[in-house]
Amino acid sequence: MEAKAASLSRTTMSDIIFPSDTNYHGTMFGGIVMRYIDKIATIASMRHSRRGVVTASSDSLDFLAPVRVGEAILLEAFVSWTHRSSMEVYVKVESENLFTGERKTTATSFLTFVALDDEGKPTPVPAVIPETEEERKLYASAQERYQARKKRKEERAAESSKQA
């Protein structure tokens, strides 16, 4: 299986934020931001694997600044690293004041997706070739995040078996 450039999975999405998307502070509901993140990460992982995928984990979601009513939300995602059948996807969320053009990073997230074959079983995915400085930086630190995910999963499985 031939490796693929991270840029081939790069996906962007934008939308305008209406009052129905916001809480009583006039800022976007976190759950709606999470839905956007999962959607764009799904598209990026399917572009990379050209397979159906499932979300295996949401490793981190750091809210850095609010998205306000009337602003645009801008999301960008790409596959930053792969294992055998799993793909780590990095998502950056920005807000844009459409009157001034000012942009702010409002959230960042790492999610893991698993590619599935026609029987719904995990299937191998191509390796990633990082090209930009950002892609190389995330690729270089991905093994550490993978090990942390693996350890967390093992600890939760052990806790679950003690309770059973």
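For the structure itself, consult the block above.
Attention in this report is confined to the structure presented alongside it. Keep in mind it's a predicted model, so treat the numbers as computed, not measured. (Residues numbered from 1 in each chain as written. Predicted model: local features only at pLDDT ≥ 70, side-chain atom pairs only at ≥ 80, totals over all residues. Heavy atoms only, no water.)

1. Quick notes on the side chain of Ser85
As a reminder of what qualifies: To qualify as a helix, a DSSP run of H or I must reach at least 4 residues; to qualify as a strand, a run of E must reach at least 2; elements of each kind are numbered from the N terminus. Relative accessible area decides the class of each residue, using a 1.4 Å probe on protein chains only: under 20% of the type maximum gives buried, over 50% gives exposed, and in between gives partly exposed. Contact criterion: two residues are considered in contact whenever any of their non-hydrogen atoms come within 4.5 Å of each other.
Within the fold, Ser85 resides in the loop between strand 4 (72–82) and strand 5 (86–96). Residue classification places Ser85 among the buried residues on the basis of a relative accessible area of 11%. Not counting residues within four places of it along the chain, the set of residues in contact with Ser85 comprises Phe113, Val114, Ala115, Pro122, Thr123, Pro124 and Val125.

2. Observations regarding the nonpolar core
We count it as follows: By nonpolar core is meant a set of buried Ala, Val, Leu, Ile, Met, Phe, Trp, Tyr and Cys residues that side-chain atoms within 4.5 Å join together.
Grouped together as the largest cluster of nonpolar side chains are 30 residues, with contacts concentrated most on Met28, Ile73, Leu75, Val89 and Val91. Elements with a contribution of two residues or more to this core: helix 1 (30–49), strand 4, strand 5 and strand 6 (103–116). Ranked by the residues each element gives to this core, the list is headed by helix 1, at seven residues. Contact partners of Ile73, with chain neighbours within four places excluded, come to Met13, Ser14, Asp15, Ile17, Met28, Val33, Tyr36, Val67, Val93 and Glu94.

3. What to know about the environment of Asp21
Inspection of the secondary structure assignment puts Asp21 in the loop between strand 2 (11–16) and helix 1. Spatially, the C-alpha atoms of Asp21 and Gly31 are 9.7 Å apart, while their sequence positions differ by 10 residues. Setting aside anything within four residues of it in sequence, one finds Asp21 in contact with Ile16, Thr27, Met28, Phe29 and Ile32.

4. Things to note about helix 2 (residues 133–163)
How we decide: In this scheme, a helix's expected span is set at 1.5 Å multiplied by one less than its residue total.
The end-to-end C-alpha distance of helix 2 is 45 Å, a good match for the 45 Å that 31 residues give at a rise of 1.5 Å each. Along its buried surface, helix 2 packs onto strand 3 (52–63), strand 4, strand 5 and strand 6.

5. Notes on helix 1
The terminal C-alpha atoms of helix 1 lie 28 Å apart, and with 20 residues this matches the ideal 28 Å at 1.5 Å per residue to within 8%. The complete set of buried residues in helix 1 reads Ile32, Val33, Tyr36, Ile37, Ile40, Ala41, Ala44, Ser45, His48 and Ser49. The first or second residue beyond helix 1 is Arg50, which carries a positive phi of 55°.

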